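Now for the letters of each chain:
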Amino acid sequence: MVNDLFQKIVSLSKRRGFVFQSSEIYGGFGGAYDFGPLGVELKRNIKKAWWEEMTRGQENIVGLDAAILMTPKVWQASGHLTAGFADELVECKSCHKRFRIEEIKENKCPQCGGKLTKPRKFNLMMKTFIGPVEEKAAKAYLRPETCQGIYVNFENIVNSMRLKIPFGVAQIGKAFRNEINPKDFIYRTREFEQMEMQWFSQPKDAPKYFEYWKKERINWYLNLGIKKENLRVREVPAKERSHYAKRQIDIEYKFPFGWQEIEGVHNRGDFDLSNHSKYSGKDLQYFDEENKKKYFPYIIETSIGVDRSLFAFLADSYLEVKGGRTKTTKSSKETEALLKLHKSLAPIKVAVLPLVKNKPKLVKKAKDVYKTLKSHFVCQYDEVGSIGRRYRRQDEIGTLFCLTVDFDSLKQKDLTIRERDTMKQKRVKIKDLKETIDKILRIRYKA
Ligand code: ATP
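Each value, and the rule that gives it
Residues numbered from 1 in each chain as written. Predicted model: local features only at pLDDT ≥ 70, side-chain atom pairs only at ≥ 80, totals over all residues. Heavy atoms only, no water. Pairing = 2+ DSSP bridges. Helix = DSSP H or I, 4+ residues; strand = E, 2+ residues; numbered from the N terminus. Axes fitted to C-alpha atoms, helices over the stretch in contact; angles between N-to-C directions. Domains from an automatic or database assignment. Near = heavy atom within 4 Å. Polar contact = N/O pair within 3.5 Å; in protein donor to acceptor, adjacent residues only side chain to side chain. Areas by Shrake-Rupley, 256 points an atom, 1.4 Å probe, with all protein chains shown as cover. Nonpolar A, V, L, I, M, F, W, Y, C, P; charged D, E, K, R; others polar. Salt bridge = Lys/Arg side-chain N within 4 Å of Asp/Glu carboxyl O. Buried < 20%, exposed > 50% of the residue type's maximum accessible area, 1.4 Å probe, protein only. Core = buried A, V, L, I, M, F, W, Y, C linked by side-chain atoms within 4.5 Å. Phe/Tyr/Trp six-rings, centres within 6.5 Å; stacked < 30°, edge-to-face > 60°. Lys NZ or Arg CZ within 6 Å of the ring centre and 35° of its normal. Contact = heavy atoms within 4.5 Å.

> Explain the sheet that holds strand β11 (residues 231-235) to me, please; I cannot follow it from the model alone.
Whether parallel or antiparallel, the strands of a sheet pair through hydrogen bonds between backbone atoms. Read across the sheet, seven strands follow the order β3-β9-β10-β16-β13-β12-β11 without closing on themselves; strand pairing throughout is mixed. Both edges of this open sheet fall to β3 (61-63) and β11, since each of them pairs with a single strand only. Taking each pair of neighbouring strands and ignoring which way they run, the sheet shows an average axis angle of 25°. In terms of strand pairing, β3 meets strand β9 (residues 167-176) through three bridges, oriented parallel. Bridge pairing in β9 places G63 opposite A170.

> Help me understand the domain arrangement of the protein chain, please; the structure alone is not making it clear to me.
Interface size is commonly expressed as the accessible area that is lost once the parts come together. Domain boundaries in the protein chain define domain 1 (4-81 + 134-314), domain 2 (83-124) and domain 3 (334-444). Its C-alpha centre places domain 2 at a distance of 52 Å from the equivalent point of domain 3.

> What is the right way to look at the site of the ligand in this model?
In the region of the ligand, 17 residues are neighbours, and E179, R188, T189, E261 and I262 sit closest. Between an oxygen atom of the ligand and a side-chain N or O atom of R177, the distance comes to 2.9 Å. In the model, an oxygen atom of the ligand is placed 2.9 Å from a nitrogen or oxygen of the G305 main chain. In isolation the ligand has 590 Å² of accessible area, and contact with the protein removes 88% of it. Sorting elements by how many residues they give to the shell around the ligand places strand β13 (residues 258-269) first, with five residues. Looking at the shell around the ligand residue by residue, the class counts come to four nonpolar, six polar and seven charged.

> Whenever I open this one, the pattern of salt bridges confuses me. Can you help?
Side chains that differ in charge, positive against negative, can pair when their charged atoms come close. For the structure shown, the criterion picks out 41 salt bridges. The shortest N-O distance in the salt bridge between R98 and E91 comes to 3.0 Å. The class for R98 is partly exposed, based on a relative accessible area of 34%. Salt bridges sharing partners connect three or more residues here, namely R232, R234, E240, D250 and E252.

> Looking at this structure, how should I read the nonpolar core?
As a rule of thumb, nonpolar side chains are buried together in soluble globular proteins. Of all hydrophobic cores here, the largest spans 53 residues; its most connected members are W50 and W220. Considering each element in turn, this core owes the most residues, seven residues, to helix α8 (residues 306-317). Looking at which domains feed residues into this core, each of domain 1 (4-81 + 134-314) and domain 3 (334-444) gives three or more. If you look at the next biggest cluster of nonpolar residues, it comprises 20 residues, including A66, L163, F167 and V169.

> Which parts of the structure should I look at to understand the packing of aromatic side chains?
One pair of aromatic rings is described through two measures. These are the centre distance and the angle between the planes. Enumeration over the complete set of coordinates arrives at 21 aromatic pairs. Judged by centre distance (6.1 Å) and plane angle (15°), the rings of F154 and F167 are stacked. A residue pair is termed long-range when its members are at least 10 positions apart, and F154 in helix α5 (residues 154-161) and F167 in strand β9 qualify at 13 residues. For F154, a relative accessible area of 5% corresponds to the buried category. Judged by its relative accessible area of 0%, F167 falls in the buried class. Taken together, the aromatic side chains of F6, Y33, F185, Y187, Y253, F255, F257 and F311 make up a single cluster linked through ring pairs. The ring of Y209 carries the charged tip of K208 above its face, separated from the ring centre by 4.9 Å.

> Help me out: how do you make sense of the environment of R177 in this one?
Tracing the backbone shows R177 in the loop between β9 and β10 (191-201). When the C-alpha atoms of R177 and R190 are compared, they prove to be 4.9 Å apart, with 13 residues separating the residues in sequence. Contacts of R177, omitting those with residues within four sequence positions, involve F85, L124, M126, P144, E145, T189, R190, F192 and Q194.

This is the structure in structure tokens:
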């Protein structure tokens, strides 16, 4: 049943244009995925919901968009080039597949049962070369996390925005890790996107803010419709923590393959600012005018993967109704799928459907409605197949409203609006459509 859901999400993702394997026509490229026409809309909506919550829903948080490429000195200061960012790796002597040490249960290959090599450290940084000569001095790295761009800009941000502690900096961007064993669809990939927020406070206040952000982050998922029973918090014990963390919790989601981390909340102490001060020679201490004190602020970080959360939103909203919901003669014996995505996340908000496609007046009317609405909402026009089938196609991708233009529409200048979850239908005047839909969508996702 569990794997069943996993397969269904993977198959729906490909069939309906959410997620494709990278370089598929060449046999695929491990650990990378492409987001299709619906996936890109869903991804944008997730990022928008996070950005709005962090920058407008909270106080004193500003944004940043730092470069992926940075001087390698950053990665020396951050600890990523030393043992801090290495996974322990074993290789199967028979099938040569590599595994992270955490993946090994008994001392044999999980794939073929073969004997394993001794563990060795494997650094996860993706290397590249800058300029025409591939020599050591030109070596650079693709960032493995977005937050370092925030730390090295700490002074720029404080000065340009005249910020006073406590404050936060939010950033969304790509990160790269040379994962040994990318797996579980878009759960663990080599190229992914992160949404990270760094909260700077007086050291003594850090524990209080840790609790605050833990709560706020869980609420973000709940407000976006994730089921409470599919979320939990794991306090990470000292021996498992990242090299910078004084305290760390994982927010875990019950994926189809089990409970796994979706987001981390970390108390990074003054590790980052003090190290960047040491390595750059720039004093990154904050001068607290009120208390006439200079100190390194402590940092509470919230770090979530866009791709992982997209997977969670898909899995959480996927529903099957046996026997059919739409009661069309053909579908009544089949199982119908429904993606009950939150209204702010649904990739398509409105579908416009002429009742039949062989009546030019009806088609024209429907196309006019589509043209008017598509500059306000993400819309789809669909005239292929029976109306029941078209409802089902839209339900399967989570479209919020289906608008059906029928013969009465021509005389009465109205149409039927059908709501996804309740399937309730009512007639609405065409001239009132935008306002009606707007009103429903405008209510903020935060209740
Ligand atoms: P894991 O233990 O699963 O490797 P991590 O503890 O190394 O994750 P962090 O460094 O805390 O992860 O990164 C923060 C977030 O970034 C994670 O919660 C996850 O959502 C996302 N993330 C990290 N690595 C990957 C990856 N390889 N693929 C997709 N998302 C990732």
